[in-house]
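# Topology and contacts: notes
One-letter residues, chain by chain:
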Amino acid sequence: MNNIPLAERMRPTNLNEYIGQNHLVGEGAVLRKMIESGNISSFILWGPPGVGKTTLAKIIANQLERPFFTLSAINSGVKDVRDVITKAEKHKFFDSPNPILFIDEIHRFSKNQQDSLLGAVESGTITLIGATTENPSFEVISALLSRCQVYVLKQQSKEDLEILMERSIKMDSSLSTKNIDLKDKSAIIKYSGGDARKLLNILEMVVGSVASDNIVITDKLVTSVLQENPSMYDKDGEQHYDIISAFIKSIRGSDPDAAVYWLARMIEGGEDPKFIARRLVISASEDIGLANTNAMLVANSCFQAVNFVGMPESRIILSQATIYLATSPKSNSAYMAINHAQSLVKKTGNLAVPLHLRNAPTKLMKDLDYGKNYKYPHDYQYSFVEQNYMPDELQSTRLYKPVMNSSEAKILERLKFWWKSKFS
């Protein structure tokens, strides 16, 4: 069989051969129009592995008559970036189009490496095309991100993957010489997880496992060749954010089954158990809060135990904490209160602290009435006395609004007893 991998042999060289991403490269779509016009602005392609980010960059290189430079963020440094920019400057003459610099896995570039690109992108010395599997908002510096449009590539659909398999069997220089009956497609598509490159790798592996030119591909054959389902969880990629999001939302939605499922996906994918435990601590406060104050204690104990015990036993501890949080009553009142308070601070600025609340460690401060008329609550019945604790302009402002659950119902009752109409 050809030494060049099937995925590389089947790589499209023009847009007409490109499968999927119709929202970007279909007829009249933004990237197709950009490529066909030759008027390319800097942009970043964001999507999971195997959806055609690098292929699009190579199609641009094939179709546009302008210098094209490539760098891989894995093995390139600031010096490499500067060398490419110097070469690009030598290719720039009068009204000639900007040279294109393609950077694969741009999210792996450090801040200094990304900073070194800014001047050249801003001045038009180069047109930057970046490819990333991670959310650019997290991994690309804001100054560079503001100079680039971000285009989101989606996982390949079942229909797209089927077209790719059938096309490969008919058109590939090696597979087309064999009599291949694609009887079942489900297993290959399932194991590929929407990754076209992985799908072609699996197809090539299955074909290569049969010592005959007459090959019937069945789900049973695919499963036996692969032996086990390759994990689609990438703890260093976009799936990292998607699956932890599904995990937290399942806890928030009080679904213990879903929460444990997503927990298992992370564990099987090799996620750091301490990362999971930290998110449980956050969820205990953000989503459960005052509805069940024991949730924070459980989550914090989980975090400490995970640090102490380690894997594989930590999976049991994480499961226990996850189920406890998922089945607990929920309240986001503390979360909403601090959000409202921060928003109010940004809106109103640095309002003055009322004089009676100010510290008065010196005679001058006392002469200026710092601390004057402050009422010490413990001198009063129930250790409470009504007085203003907010800036004068915000005296009637309410930020904490109890959610109706058994724990906060008691809190509200207490507040009404103290403050009367303020919490009615």
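## Looking at the overall build of the protein chain
Regarding its fold elements, the protein chain presents 20 helices and seven strands. In terms of overall dimensions, the protein chain is more spread out than a globule: its C-alpha atoms have a radius of gyration of 30 Å, far above the 22 Å expected for 424 residues. With respect to the three principal axes, the spread of C-alpha positions in the protein chain is 95 × 60 × 40 Å. Every one of the 424 residues in the protein chain was classed for burial, and the buried ones make up 42%. For the protein chain, the proportion of contacts with a sequence separation of at least 24, taken over those separated by at least 6, is 72%. If you sum the accessible surface of the protein chain, you get close to 23100 Å²; carbon and sulfur atoms cover 51% of it.

## Describing the sheet that holds strand 4 (residues 127-132)
Read across the open sheet, the five strands follow the order 2-3-4-1-5; overall the sheet is parallel. Whereas interior strands pair on both sides, the edge strands pair on one side only; in this sheet they are strand 2 (68-72) and strand 5 (149-152). Along the sheet, successive strands turn relative to each other by an average axial angle of 20°, direction set aside. One ladder, built from four bridges, connects strand 1 (residues 43-46) with strand 4; its direction is parallel. If you follow tryptophan 46 over to strand 4, its bridge partner there is threonine 132. Helix-sheet contacts for helix 5 (residues 78-91) involve strand 2 and strand 3 (100-104), and the interaxial angle to strand 2 is about 175°.

## Observations regarding the nonpolar core
In terms of nonpolar packing, the biggest core is built from 26 residues, with Ile188, Leu199, Leu200, Leu203, Ile217 and Val222 touching the most fellow members. Of all the elements in the fold, those that place two or more residues in this core are helix 1 (6-9), helix 9 (158-171), strand 6 (179-182), helix 10 (186-192), helix 11 (196-208), strand 7 (214-217) and helix 12 (219-226). The greatest single-element share of this core, amounting to seven residues, is contributed by helix 11. Residue contacts for isoleucine 217: discarding those within four places in its chain leaves Ile180, Asp181, Leu182, Lys183, Asp184, Ile188, Leu203, Val206, Val207 and Val222.

## Quick look at the packing of helix 15 (residues 273-288) against helix 17 (residues 314-326)
Interaxial distance between helix 15 and helix 17 falls to 11 Å at its minimum, and their mutual angle equals 15°. Classified by the angle between their axes, helix 15 and helix 17 sit roughly parallel to one another. Between helix 15 and helix 17 lies a crossing of left-handed hand. The segment helix 15 lies against helix 17, with Pro273, Ile276, Ala277, Leu280, Ser283, Ala284 and Ile288 engaging Leu318, Ala321, Thr322 and Leu325. Here the residues of the contact of helix 15 with helix 17 are counted per class, giving nine nonpolar, two polar and no charged.

## What about the confidence of the model for the protein chain?
On average, residues of the protein chain carry a pLDDT of 85, and 95% of them reach 70 or more. Of all helices and strands in the protein chain, the one with the weakest mean pLDDT is helix 19 (residues 363-367) (77), whereas helix 17 scores best (94).

## Regarding the packing of helix 14 (residues 256-268) against helix 17
Relative to each other, helix 14 and helix 17 sit at 150°, their axes nearing to 9 Å. Between helix 14 and helix 17, the angle is such that the two are roughly antiparallel. For helix 14 against helix 17, the interelement crossing comes out right-handed. Facing Pro256, Ala259, Val260, Leu263 and Ile267 of helix 14, the residues of helix 17 in contact are Arg315, Leu318, Ser319, Thr322, Ile323 and Ala326. Classifying every residue of the contact of helix 14 with helix 17 by side-chain character gives eight nonpolar, two polar and one charged.

## Section: the pattern of salt bridges
Opposite charge on two side chains makes pairing possible when the charged atoms of those side chains draw close. According to the stated counting rule, one finds 14 salt bridges in the structure shown. For the salt bridge of arginine 9 with aspartate 172, the shortest nitrogen-to-oxygen distance reads 2.7 Å. Of this pair, arginine 9 sits in helix 1 while aspartate 172 sits in the loop between helix 9 and strand 6, and the two are 163 residues apart along the sequence. Here arginine 9 and aspartate 172 have matching classes, each one buried. Ionic pairing is found between aspartate 115 and lysine 111, a salt bridge with its closest N-O pair at 2.9 Å. Of this pair, aspartate 115 and lysine 111 both sit in helix 6 (residues 111-123), four residues apart, which is roughly one turn of that helix. By sharing partners, the salt bridges in this structure join Arg9, Asp172 and Glu204 into a single network.

## Some details on the side chain of aspartate 172
Looking at aspartate 172, the relative accessible area reads 2%, which means it is buried. Beyond its immediate sequence surroundings of up to four residues, aspartate 172 is in contact with Leu6, Arg9, Met10 and Arg167.

## A closer look at the packing of aromatic side chains
Each aromatic ring pair is described using two quantities: the centre-to-centre distance and the angle formed by the ring planes. Taken as a whole, this structure holds six aromatic pairs when the rule is applied. Geometrically, the ring pair formed by phenylalanine 43 and tyrosine 151 is edge-to-face, given 5.5 Å between the ring centres and 70° between the ring planes. Remark: tyrosine 151 occurs in strand 5 and phenylalanine 43 occurs in strand 1; sequence separation between them is 108 residues. Ring geometry for tyrosine 261 and tryptophan 262: centres 4.8 Å apart, planes at 70°, overall edge-to-face. By relative accessible area, tryptophan 262 is classed as partly exposed at 23%. Taken together, the aromatic side chains of Phe384, Tyr389, Trp418 and Trp419 make up a single cluster linked through ring pairs. The side chain of arginine 358 reaches across the aromatic face of tyrosine 370, ending 4.9 Å from its centre. Over the face of the ring belonging to phenylalanine 417 we find lysine 420, whose NZ or CZ atom lies 5.5 Å from the ring centre.

## Things to note about the environment of alanine 187
Structurally, alanine 187 can be placed in helix 10. Taking C-alpha positions, alanine 187 is 6.4 Å from valine 222, a pair spaced 35 residues apart along the chain. With sequence-adjacent residues up to four places away left out, alanine 187 is seen in contact with Asp219, Val222 and Thr223.

The rules behind each value
- Residues numbered from 1 in each chain as written.
- Predicted model: local features only at pLDDT ≥ 70, side-chain atom pairs only at ≥ 80, totals over all residues.
- Heavy atoms only, no water.
- Helix = DSSP H or I, 4+ residues; strand = E, 2+ residues; numbered from the N terminus.
- Rg over C-alpha atoms; globule rule 2.2 N^0.38 Å.
- Buried < 20%, exposed > 50% of the residue type's maximum accessible area, 1.4 Å probe, protein only.
- Contact = heavy atoms within 4.5 Å.
- Areas by Shrake-Rupley, 256 points an atom, 1.4 Å probe, with all protein chains shown as cover.
- Pairing = 2+ DSSP bridges.
- Axes fitted to C-alpha atoms, helices over the stretch in contact; angles between N-to-C directions.
- Core = buried A, V, L, I, M, F, W, Y, C linked by side-chain atoms within 4.5 Å.
- Parallel < 35°, antiparallel > 145°, perpendicular 65-115°, else oblique.
- Left-handed = near helix turned anticlockwise from the far one by under 90°.
- Nonpolar A, V, L, I, M, F, W, Y, C, P; charged D, E, K, R; others polar.
- pLDDT = per-residue confidence, 0-100.
- Salt bridge = Lys/Arg side-chain N within 4 Å of Asp/Glu carboxyl O.
- Phe/Tyr/Trp six-rings, centres within 6.5 Å; stacked < 30°, edge-to-face > 60°.
- Lys NZ or Arg CZ within 6 Å of the ring centre and 35° of its normal.

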